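Residues per chain are reported as follows:
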Amino acid sequence: MSKNVIFCFSGTGNCLDIAKNIAKGLGDTDIVMMRKAPELTNVVKAERVGFVFPCCGGGLPGKVEEYVRRVAVGPDAYKFAVCSCAGYPGLGLSIIDGIVDLDYWSVISHQSSCIWLMPHSMMVPPLPADKAQKRSETLTARVVSDVLAGKKLSGKPSAPAFNKMEAALWPQLSVKKAAKLTATDACVGCGQCVELCPRGNIKLENGKPVFGGDCVQCLSCLQFCPSEAIHMGGATLKRERYRNPNVSAAELMAKVIHID
Ligand SMILES: Cc1cc2nc3c(=O)[nH]c(=O)nc-3n(C[C@H](O)[C@H](O)[C@H](O)COP(=O)(O)O)c2cc1C
Ligand code: SF4
Ligand code: SF4
């Protein structure tokens, strides 16, 4: 097993970019993807175990909480987490701390990937995509030096009441938004969205995608569609797509990415 293991969920690639940069800084790291059930859960021999994920509806995306509960970490491992978000980290760090008792955590704000809620430029504080990426890289480098130094934080990650309300309402909103997923005639039937969907929620019928109701709002299908054919209601028709410049659809679909 690698010396370091990072569990990662990512929709537009921001978190995977952060995880890759941390892995490059630490060396000898397995990045285990958590879009679907993780390939590897017994990491008791790893010296450092990290979790990198976005804030989604004030909480954790997809089945991340369930997957983190499956992870077995050694008693002496150094445990850290990074939450990427548009404006605020929400409950994710607090939930993961409750499961693995984190030594260290950090928040990195990046481009907003929630295209149906707001244009990407509406992140807080506002920055164009290239500057947001640069800032993310600078903040990630700081995380790397803290983790290498074994920095330990006192206290606990916050769990604001507002985010608790938001996260409680999120599943209902998700179902409503999932019902609005459609593909236009711009679709070329490449099938990438089918492969990318972590829930198996997309099927090709007569060469065109058909969406079910089991959607965790990762928005990868919509953001990575090469023809920009996928929409989620009228709001997304004219909004520009965003995906992290350093992450490919193939990487998002990987189970484990090893970085020496
Ligand atoms: C469905 C959805 C919900 C989101 N909810 C929040 C939120 O509640 N607060 C926030 O600050 N950012 C929110 N975001 C923004 C993401 O956390 C942010 O863009 C993050 O960098 C995405 O990382 P990723 O590309 O690895 O998925 C949301 C994004 C999506 C797609
Ligand atoms: S990724 Fe886009 S072009 Fe390819 S099948 Fe899906 S909707 Fe069609
Ligand atoms: S349907 Fe699209 S947004 Fe929903 S889970 Fe699948 S890939 Fe993600």
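Reading guide: rules and limits
Residues numbered from 1 in each chain as written. Chains lettered and ligands numbered in written order. Predicted model: local features only at pLDDT ≥ 70, side-chain atom pairs only at ≥ 80, totals over all residues. Core = buried A, V, L, I, M, F, W, Y, C linked by C-beta atoms within 7 Å. Buried ≥ 20, exposed ≤ 12 C-beta atoms within 10 Å, placed from the backbone. Domains from an automatic or database assignment. Contact = placed C-beta atoms within 7 Å. Near = placed C-beta within 6 Å. Nonpolar A, V, L, I, M, F, W, Y, C, P; charged D, E, K, R; others polar. Pairing = 2+ DSSP bridges. Helix = DSSP H or I, 4+ residues; strand = E, 2+ residues; numbered from the N terminus. Axes fitted to C-alpha atoms, helices over the stretch in contact; angles between N-to-C directions. Expected span 1.5 Å × (residues − 1).

Q: Can you walk me through the nonpolar core in this structure?
A: Counting residues in each nonpolar core, the largest one holds 68 residues, and the members touching the most others are Cys8 and Ala19. A domain split of this core shows at least three residues from each of domain 1 (4-160 + 246-259) and domain 2 (162-236). With near-sequence residues (within four places) excluded, Ala19 lies in contact with Ile6, Cys8, Ile31 and Val52.

Q: Can you help me understand the site of ligand 3 in this one?
A: Surveying the vicinity of ligand 3 reveals 15 residues, the closest of which are Cys197, Asn201, Cys215, Cys218 and Cys221. Split into classes, the residues belonging to the shell around ligand 3 amount to eleven nonpolar, three polar and one charged.

Q: Mind showing me how you'd approach the sheet that holds strand β6 (residues 78-85) here?
A: Backbone hydrogen bonds are what pair the strands of a sheet, in a parallel or an antiparallel way. Ordered in space as β7-β6-β4-β1-β2-β12, the six strands form an open sheet in which the pairing is mixed. A strand with exactly one partner marks an edge of an open sheet, and here the two such strands are β7 (104-109) and β12 (256-259). Adjacent strand axes in the sheet meet at a mean angle of 15 degrees when their direction is disregarded. Bridging between strand β1 (residues 4-8) and strand β4 (residues 48-54) involves five bridges; their strand directions are parallel. From the neighbouring strand, Ile6 faces β4, where its bridge partner is Gly50. Relative to the sheet, helix α1 (residues 14-26) contacts β1, β2 (29-33), β4, β6, β7 and β12, its axis offset from that of β4 by approximately 160 degrees.

Q: Is there a simple way to think about α1 in this case?
A: With 13 residues, α1 extends 19 Å between its outermost C-alpha atoms, agreeing within 8% with the 18 Å of an ideal straight helix rising 1.5 Å per residue. Buried residues dominate α1, accounting for ten of its 13 residues.

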